[in-house]
Amino acid sequence: MRPCALAVLPAEPTAGDLDAAYVLRGAQIVACDGARRLAVETLLAERAMQDAPGKGRGARR
């Protein structure tokens, strides 16, 4: 539920700032996408466990 951090450029960026931000943002996007995928997989696994017969909330034993 938290937003991913993304590098921002300073007020007057140099070519070096642009290069560094480009590389950093790429790494941040990859990390963010990985975290999002893990969160979705976890949610789907939790729902599957809850939907399994006799495994969900309120199941009688």
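Residues numbered from 1 in each chain as written. Predicted model: local features only at pLDDT ≥ 70, side-chain atom pairs only at ≥ 80, totals over all residues. Heavy atoms only, no water.

**Student:** Help me out: how do you make sense of the pattern of salt bridges in this one?
**Tutor:** Between side chains of opposite charge, pairing is possible as soon as their charged atoms come close. Counted according to the given criterion, the structure contains two salt bridges. Where R36 meets D33, a salt bridge forms, and the shortest distance between an N and an O atom there is 2.8 Å. Separated by three residues within a single helix, R36 and D33 lie in helix α1 (residues 15-51), roughly one turn from each other. Assessed through its relative accessible area of 27%, D33 is described here as partly exposed. Of the charged contacts in the structure, one is a salt bridge between R37 and D33, with a shortest N-O distance of 2.9 Å. (Salt bridge = Lys/Arg side-chain N within 4 Å of Asp/Glu carboxyl O. Helix = DSSP H or I, 4+ residues; strand = E, 2+ residues; numbered from the N terminus. Buried < 20%, exposed > 50% of the residue type's maximum accessible area, 1.4 Å probe, protein only.)

**Student:** Honestly, the state of the cysteines in this entry has me stumped. Any pointers?
**Tutor:** Simply put, disulfide is the name for a covalent bond between the sulfur atoms of two cysteines. Applying the stated criterion to the full structure yields one disulfide. With a sulfur-sulfur separation of 1.6 Å, C4 is cross-linked through a disulfide to C32. Between C4 and C32, the disulfide has an S-S torsion of 75° and is therefore right-handed. Here the residue C4 occupies a position in the segment before α1, and C32 occupies one in helix α1, the gap between them amounting to 28 residues. By relative accessible area, which is 38% here, C4 ends up partly exposed. By relative accessible area, which is 23% here, C32 ends up partly exposed. (Disulfide = S-S within 2.5 Å.)

Remember, this is a structural readout, not a statement about activity or role.
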